[in-house]
Amino acid sequence: MQTPNVLIVEDEVVTRTTLKSLFEAEGYNVFEAEHGEQMHDIFANNTINLVIMDINLPGKNGLLLAREVRGRKNIGLIFLTGRDNDVDRILGLEIGADDYLTKPFNPRELTIRARNLLVRTSNSSEDDDLPSRVSFNGWILDGDSRSLISPSSKEFRLPRSEFRALHLFLNNPGKILTREQLIMEMTGRELRPNDRTVDVTIRRIRKHFESEINADDLIVTIHGEGYRFCGSVDS
């Protein structure tokens, strides 16, 4: 893997400088942006592998900018949020952030999470065990475009977390998957206390399925254990 390019989107100078020094010390190429306009200028002229973004930004906030980042393929996104702001964390996950960290953060923890995410996003062969198009119950999971296509041809572009979770379900139809298994597949990290990443991701996938009239209950909750995919994968 070539030296990754990391973009720090943070309007607070001290935090941005700290993050820049932290990732440069890890050997990454680091770009800085104070707001969305600068972020887009950097995207226009550079290939970015990972974005570290504060939610509270001037102009368009991080939640709005994240939707634009998610339109780009193979870019990891980690949010920095307020210490106890559950709403921001959940909204960030709903939009499709790969991970989040609360301020003040542990520098070592951030670099470990960033490294794990970069490995996952750069591994182009990570989905080789799944055909490029998989059909199940009238739906199609398209690995090339990372899209979910409904029986009525509606197309949903999936953030990496949703795609990886659905990927794991389709590889294990009928099996109970724990939250620990799902979070490792989705983000490459272990489940943390009070971590709602898996539950939010499953809720988003279910919303896609519910867009169809008479949609089957394809993913069911097994209380105290995890989730199970109850659909039928076409051979």
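What counts as what
Residues numbered from 1 in each chain as written. Predicted model: local features only at pLDDT ≥ 70, side-chain atom pairs only at ≥ 80, totals over all residues. Heavy atoms only, no water. Helix = DSSP H or I, 4+ residues; strand = E, 2+ residues; numbered from the N terminus. Buried < 20%, exposed > 50% of the residue type's maximum accessible area, 1.4 Å probe, protein only. Contact = heavy atoms within 4.5 Å. Phe/Tyr/Trp six-rings, centres within 6.5 Å; stacked < 30°, edge-to-face > 60°. 1 Å grid on protein atoms, 1.4 Å probe; cavity = no way out; pocket = protein on both sides within 12 Å on 5 of 7 lines; lining within 4 Å. Points joined across faces, edges and corners; volume = space filled by probe spheres on them. Core = buried A, V, L, I, M, F, W, Y, C linked by side-chain atoms within 4.5 Å. Salt bridge = Lys/Arg side-chain N within 4 Å of Asp/Glu carboxyl O.

Student: How would you sum up the side chain of Arg-146? Please name residues and give values.
Tutor: Among the structural elements, Arg-146 can be located in the loop between β7 (139-142) and β8 (147-149). Note on Arg-146: relative accessible area 9%, which makes it buried. If sequence neighbours within four positions are ignored, Arg-146 has contacts with Asn-74, Phe-156, Arg-157, Leu-158, Pro-159, Arg-160 and Phe-163.

Student: So what's going on with the packing of aromatic side chains? Residues and values would help.
Tutor: Tallied over the full model, the rule gives 4 aromatic pairs. The interplanar angle of 80 degrees and the centroid separation of 6.1 Å between the aromatic rings of Phe-136 and Phe-209 together place this pair among those described as edge-to-face. Of this pair, Phe-136 sits in strand β6 (residues 133-136) while Phe-209 sits in helix α8 (residues 197-209), placing them 73 residues apart in sequence. Grouped by ring-pair contacts, the aromatic residues Phe-136, Trp-139, Phe-209 and Phe-229 constitute a single cluster.

Student: With reference to specific residues and values, describe empty space enclosed by the protein.
Tutor: Over the atoms rolls a probe the size of a water molecule, and in doing so it shows where empty space is left. Taken as a whole, this structure holds 1 cavity of 30 Å³ or more when the rule is applied. By volume, the largest cavity amounts to about 50 Å³. Along the walls of the largest cavity sit Ile-78, Asp-98, Asp-99, Arg-113, Asn-116, Leu-117, Thr-187 and Arg-189, which together make up its complete lining. Here the lining of the largest cavity gets 3 residues from one element, more than from any other, and that element is helix α5 (residues 107-122).

Student: Report on the nonpolar core, specifying residues and quantitative values.
Tutor: In terms of nonpolar packing, the biggest core is built from 25 residues, with Phe-136, Leu-148, Leu-166, Phe-169, Leu-182, Phe-209 and Ile-219 touching the most fellow members. For this core, the elements supplying multiple residues, two or more each, are β6, β7, α6 (160-171), α7 (179-187), α8 and β12 (226-229). Sorting elements by how many residues they give to this core places α6 first, with 6 residues. Ignoring any residue separated from it by four or fewer positions in sequence, one finds Phe-136 in contact with Leu-141, Leu-148, Leu-166, Leu-170, Phe-209, Leu-218, Phe-229, Ser-232, Val-233 and Asp-234. Counting 23 residues, the second-largest nonpolar core is a separate cluster that includes Ile-42, Val-51, Ala-97 and Tyr-100.

Student: Any details on the pattern of salt bridges? Residues and values, ideally.
Tutor: Counted by the stated rule, this structure contains 12 salt bridges. Here Arg-113 makes a salt bridge to Glu-109, at a shortest N to O gap of 2.2 Å. With Arg-113 and Glu-109 both in helix α5, this residue pair falls 4 residues apart, about one helical turn. For Glu-109, a relative accessible area of 32% gives the class partly exposed. Arg-179 is the salt-bridge partner of Asp-199, the closest N and O atoms lying 3.0 Å from each other. Of this pair, Asp-199 sits in helix α8 while Arg-179 is found in helix α7, placing the two residues 20 residues apart along the sequence. The partly exposed category is assigned to Asp-199, whose relative accessible area is 21%.

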